[in-house]
Protein chains: 2
Amino acid sequence: MIRVLLAEDQAMVRGALSALLNLESDIEVLGSAADGETAWRELQRLKPDVLVTDIEMPGLTGLELAQRIQRHELPMKVIIVTTFARPGFLRRALDAGVSGYLLKDAPAENLAEALRTVHRGGRAIDPQLALVAWTEADPLNDRERQVLRLAGEGLSAGDIATRLNLSHGTVRNYLSEAIGKLGAGNRIEAFRLARQKGWL
Amino acid sequence: MIRVLLAEDQAMVRGALSALLNLESDIEVLGSAADGETAWRELQRLKPDVLVTDIEMPGLTGLELAQRIQRHELPMKVIIVTTFARPGFLRRALDAGVSGYLLKDAPAENLAEALRTVHRGGRAIDPQLALVAWTEADPLNDRERQVLRLAGEGLSAGDIATRLNLSHGTVRNYLSEAIGKLGAGNRIEAFRLARQKGWL
DNA sequence: CGGCGCAAGTGACAGCCGTCATGCGGGGTT
DNA sequence: AACCCCGCATGACGGCTGTCACTTGCGCCG
């Protein structure tokens, strides 16, 4: 019997995935959580064999949850199930020691299959995404990332400078760097590109 | 027996929702489609009582699908199930004659419940969202919408002008108008606001 | 100590952006 | 005809943006 905890913020999807997994005779859904912090508590209480988690959740993301599990050396496996085919996300997930990374685009049967593979000690990583993740590295440094994130929210260089305690000109230098590295024509395009790759 | 067709692009969610609905003794999932065009064909072939559809799908969106059903006066009901709590989407959905509009944030049991309500001839609209939709109207006109959409992709005023066969200055006028109407400080903020409300 | 590298800052320049007042022509109203 | 509204255009202004060359201060390492 594979004992599973489910973390996913959208209640309807959470319920549906739970129903799906409960159809499998060798899988038992112990419980589910709607956000990262709840998942963390349930994790310690229920001690599942495998955690199946989304990435985008309020509070603590799935990636941060995986990192925390790694840091505390908890014995359970982690499978990420997400909408986002972003190389940067996969990379961070692998760094956090997850055993599986599936896209919600993949057929539903894959999930149970991945659970079994991972429970046996194997890995279940989306193959196309794995390819891309090895060839495309994030070119941005921390400052560029911060600045780009704020620029993407519509802040001006001056606003960003205030937030980060930098000078107006320095912010523009970082933005210019980021735009150049990403091959974009302006901050908006740069932001979109970086977000799409999962580098923010 | 309520006969249902499911349209949802993410295979895993599609499979999970299907599993969920099949647990209900009075509901039968006839089939499912991964995009709008497929759904449209299956709709005519299977003649379900109710179509349950996502909004964001490749090709034809759920909203466009609902409009098409309305135009052809097909006898089935439509329930929209989406991630997006955007007043503009709900408004367009109601204009397209849908009977239900649920958020994926809502508990899973709501879906079956909504199916029964709608099948009986009732409506199932997310209550909070319904409130907002009645009080917030889209202030943008067609040109402003077009211009803002392109601006959000990172195009400059000149680029947008070329695409829309307008002058450089006119595009900036429309952008300025849109920024003013939305109470934003620049095009980026304006774009984010409008998208969040479902006005793009 | 000297030198290197790195994060942050400066200043200047051209071009783009956001705003506003104003103009023009076509379509509809009275 | 006189009128007004509408979509589009123009031109000018100040501020913001993107780029680049160059400086400053600081920690590190030989």
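Residues numbered from 1 in each chain as written. Chains lettered and ligands numbered in written order. Predicted model: local features only at pLDDT ≥ 70, side-chain atom pairs only at ≥ 80, totals over all residues. Heavy atoms only, no water.

### As for the overall build of chain A
Working step 1: Of the regular secondary structure elements, chain A holds 10 helices and six strands.
Working step 2: Dimensions of chain A along its principal axes, counting C-alpha atoms only, are 60 × 30 × 30 Å.
Working step 3: Long-range contacts, defined here as pairs at least 24 residues apart, represent 65% of the contacts in chain A between residues at least 6 apart.
Working step 4: Counting every atom, chain A has about 9100 Å² of accessible surface; 47% of that belongs to carbon and sulfur. (Helix = DSSP H or I, 4+ residues; strand = E, 2+ residues; numbered from the N terminus. Contact = heavy atoms within 4.5 Å. Areas by Shrake-Rupley, 256 points an atom, 1.4 Å probe, with all protein chains shown as cover.)

### Details of the UniProt feature "modified residue: 4-aspartylphosphate" (unreviewed entry) in chain A
All names here are of chain A.
Working step 1: Mapped onto the present numbering, the UniProt feature "modified residue: 4-aspartylphosphate" (unreviewed entry) falls at D54.
Working step 2: Structurally, D54 can be placed in the loop between β3 (50-53) and α3 (62-71).
Working step 3: Accessibility expressed as a relative area gives 5% for D54, which makes it buried.
Working step 4: Sequence-distant contacts of D54, that is, excluding residues within four places in its chain, are made with A7, E8, D9, G62, V81, T82 and K104. (UniProt positions renumbered as here; feature names shortened; annotations may be inferred. Buried < 20%, exposed > 50% of the residue type's maximum accessible area, 1.4 Å probe, protein only.)

### A few points about the protein's contact with DNA strand C
Working step 1: Around DNA strand C there are 16 residues in total, and Y174(A), R172(B), N173(B), S176(B) and R187(B) lie nearest to it.
Working step 2: At 2.8 Å, a side-chain N or O of T170(A) approaches a phosphate oxygen of DNA strand C.
Working step 3: At 2.7 Å, a side-chain N or O of S176(B) approaches a phosphate oxygen of DNA strand C.
Working step 4: The element that contributes the greatest number of residues to the surface near DNA strand C is helix α9 (residues 168-182) of chain A, accounting for five residues.
Working step 5: A class-by-class count of the residues in the surface near DNA strand C yields four nonpolar, eight polar and four charged. (Near = heavy atom within 4 Å. Polar contact = N/O pair within 3.5 Å; in protein donor to acceptor, adjacent residues only side chain to side chain. Nonpolar A, V, L, I, M, F, W, Y, C, P; charged D, E, K, R; others polar.)

### Things to note about the interface of chain B and chain A
Working step 1: Listed per partner, the contact involves 31 residues of chain B and 31 residues of chain A.
Working step 2: Across the interface of chain B and chain A, roughly 2400 Å² is buried in total on both sides, 66% from carbon and sulfur atoms.
Working step 3: Taken as a group, Q10(B), M12(B) and I188(B) account for 28% of the area that chain B buries against chain A, more than any other trio of residues on that side.
Working step 4: Between chain B and chain A we count zero salt bridges in total.
Working step 5: Linking chain B to chain A there are 10 residue pairs in polar contact (both at pLDDT 80 or more).
Working step 6: The set of elements that each furnish at least two residues to the side of chain B that touches chain A consists of α1 (11-22), β5 (100-103), α7 (142-152) and α10 (187-197) of chain B.
Working step 7: The element best represented in the side of chain B that touches chain A is α1(B), accounting for eight residues.
Working step 8: A breakdown of the residues in the side of chain B that touches chain A according to their chemical character gives 17 nonpolar, six polar and eight charged. (Buried area = accessible area lost by both parts, 1.4 Å probe. Salt bridge = Lys/Arg side-chain N within 4 Å of Asp/Glu carboxyl O.)

### Describing helix α9 (residues 168-182) of chain B
Residues and elements named next belong to chain B.
Working step 1: In this model α9 runs 22 Å from its N-terminal to its C-terminal C-alpha over 15 residues, within 8% of the 21 Å that 1.5 Å per residue would give.
Working step 2: Inspection of α9 places V171, L175, A178, I179 and L182 among the buried residues, and these make up the whole buried set. Angular distribution of buried residues about the axis of α9 spans 100°; they occupy a single face of the element. Pointing more than 90 degrees away from the buried face of α9 are the exposed residues N173 and G180. (Expected span 1.5 Å × (residues − 1). Arc of directions from axis to C-beta.)

### Description of the protein's contact with DNA strand D
Working step 1: Residues in close proximity to DNA strand D total 15 residues, the closest being R172(A), N173(A), R187(A), T170(B) and Y174(B).
Working step 2: Taken together, the sugar and phosphate atoms account for 58% of what DNA strand D places within 4 Å of the protein.
Working step 3: A distance of 2.8 Å separates a phosphate oxygen of DNA strand D from a polar atom in the backbone of S167(B).
Working step 4: In the model, a phosphate oxygen of DNA strand D is placed 2.4 Å from a nitrogen or oxygen of the Y174(B) side chain.
Working step 5: At the level of secondary structure, the elements contributing two or more residues to the surface near DNA strand D comprise α9 of chain A together with α9 of chain B.
Working step 6: If one sorts the elements of the surface near DNA strand D by residue count, α9(B) sits on top with five residues.
Working step 7: Here the surface near DNA strand D is built from residues that sort into three nonpolar, eight polar and four charged.

### Concerning the environment of D26(B)
All names here are of chain B.
Working step 1: Take D26: it is sitting in the loop between α1 and β2 (27-33).
Working step 2: Residue classification places D26 among the partly exposed positions, given a relative accessible area of 25%.
Working step 3: Leaving out residues up to four positions away in the same chain, D26 has contacts with M1, I2 and R116.
Working step 4: Reaching out from D26, the side chain makes a polar contact with the side chain of R116 at a distance of 2.5 Å.

### A closer look at the packing of aromatic side chains
Residue and element names in this part refer to chain A.
Working step 1: Taken as a whole, this structure holds two aromatic pairs over all chains when the rule is applied.
Working step 2: Summarising the aromatic geometry, the rings of F84 and F89 are spaced 6.2 Å apart at their centres and angled 85° between planes, so their arrangement reads as edge-to-face.
Working step 3: What makes F89 buried here is its relative accessible area of 9%.
Working step 4: A cation over a ring is seen here: R68 above W40, with NZ or CZ 5.1 Å from the ring centre. (Phe/Tyr/Trp six-rings, centres within 6.5 Å; stacked < 30°, edge-to-face > 60°. Lys NZ or Arg CZ within 6 Å of the ring centre and 35° of its normal.)

### Some details on the domain arrangement of chain A
Working step 1: When its domains are assigned, chain A resolves into domain 1 (2-133) and domain 2 (142-197).
Working step 2: Computed from C-alpha coordinates alone, the two centres of domain 1 of chain A and domain 2 of chain A are separated by 32 Å. (Domains from an automatic or database assignment.)

### Observations concerning the UniProt feature "domain: HTH luxR-type" (unreviewed entry) in chain A
Working step 1: Here, the residues flagged by UniProt with the feature "domain: HTH luxR-type" (unreviewed entry) are residues 133-198 of chain A.
Working step 2: With 73% helix and 0% strand, residues 133-198 of chain A has its two end C-alpha atoms placed 10 Å apart.

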